[in-house]
Amino acid sequence: MANRRPVIAGNWKMFKTISEAGDYAVKFLDEVKDVTDLDIVLCAPFTALHALKNELEESIVHIGAQNMAWADQGAYTGEISAQMLLDVACTYVILGHSERREMFGETDQEIAKKVQQALAVGLTPILCCGENLHLREEGQAVERVQGQVSRALSDLSIEDLSRIIVAYEPIWAIGTGKTASSQDAQEMCAAIRATLTELMGRTAEKVPILYGGSVKAENIGELMKEPDVDGALVGGASLDPLSFAKLIKNAGPLVARMEGI
Ligand code: PEP
């Protein structure tokens, strides 16, 4: 995992009230405060972000959102801007999650604009990509995922590209209990890195590529052994602070043994 610092990010989706988020943050920080060998991110609903800021700002746990607007500000009813995320101490934002693409009609073009907007204000975008079961069975998974990545990123400079994270999340593995095999995850993460190399040359070696899809404390270790899997985006298994901390600790000792970190 040449010189790439691993990242484990939790995606709470539409779960947790303000008080639940505050309680979680206190318990979670206590569990992970000594973890030094990877970056930890909690991506919470917008309404819970301020509670996380109160508990976690300047701690080793970074705060992220799950979406944002591509516009700066203005008449965009119901939207949340990148500046608003900075205001609640966010440093990361998930963009193009399959649930947003599938249920809310987000297009590659909109996602590309959101990635640019996030980078413009200094947020780290976690760009999600992934194929559905039909495309995988038809042998079109690599083409779909590489297309999503290049359509989201092709207008960026190499400098901007070096500030992104990509998360490969096969739709058939999200929330289903079915994890892609470590080998499937590795193959797709390597294919994503090949696309990044076309866009940014050898600097692509520096971009963290995460796997997401039913990652748990029991399977994180296997996934992290793969050379192009640099961490995980975790949905269901991030909802309980103690289990998520355990998942992180199961990734941690392995990471510490890796070269170049
Ligand atoms: C996700 O929502 O990004 C995700 C990977 O979910 P789960 O871990 O529950 O499959």
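Residues numbered from 1 in each chain as written. Predicted model: local features only at pLDDT ≥ 70, side-chain atom pairs only at ≥ 80, totals over all residues. Heavy atoms only, no water.

Caption draft 1: Structural context of the UniProt feature "binding site: substrate" (unreviewed entry) in the chain. UniProt records the feature "binding site: substrate" (unreviewed entry) for Asn 11, Trp 12, Lys 13, Gly 175, Ser 214, Gly 235 and Gly 236 in the present numbering. The greatest C-alpha distance among the residues just named is 13.8 Å, despite their covering 226 residues of sequence, which places them together in space. Along the chain, Trp 12 turns up in the loop between strand S1 (7-11) and helix H1 (18-32). Given a relative accessible area of 0%, Trp 12 falls into the buried group. (UniProt positions renumbered as here; feature names shortened; annotations may be inferred. Helix = DSSP H or I, 4+ residues; strand = E, 2+ residues; numbered from the N terminus. Buried < 20%, exposed > 50% of the residue type's maximum accessible area, 1.4 Å probe, protein only.)

Caption draft 2: Fine view of the packing of aromatic side chains. One pass over the structure, following the stated rule, counts 5 aromatic pairs. Consider the rings of Tyr 24 and Phe 28, whose centres lie 5.5 Å apart with planes at 45°: the pair is tilted. You can see Tyr 24 and its partner Phe 28 sitting in helix H1, 4 residues apart, about one turn around the helix. Grouping residues by exposure puts Tyr 24 and Phe 28 together as buried. When the ring centre of Trp 12 is taken as origin, the NZ or CZ atom of Lys 16, which lies over that ring, is 5.5 Å away. (Phe/Tyr/Trp six-rings, centres within 6.5 Å; stacked < 30°, edge-to-face > 60°. Lys NZ or Arg CZ within 6 Å of the ring centre and 35° of its normal.)

Caption draft 3: Fine view of the UniProt feature "active site" (unreviewed entry) in the chain. UniProt feature "active site" (unreviewed entry): in the numbering of this structure it lies at His 97 and Glu 169. The annotated residues occupy 73 residues of the chain but converge on a single region, no pair of C-alpha atoms lying more than 8.4 Å apart. With respect to the helices and strands, His 97 occurs in the loop between strand S4 (90-95) and helix H4 (98-104). By relative accessible area, which is 4% here, His 97 ends up buried. For His 97, the residues in contact, after removing those within four places along its chain, are Asn 11, Lys 13, Cys 128, Glu 169 and Ile 174. As for its position among the elements, Glu 169 is in the loop between strand S6 (165-168) and helix H9 (182-200). Apart from the residues within four sequence positions on either side, Glu 169 is in contact with His 97, Cys 128, Cys 129, Gly 130, Glu 131, Ile 174, Gly 212, Gly 213 and Leu 233. (Contact = heavy atoms within 4.5 Å.)

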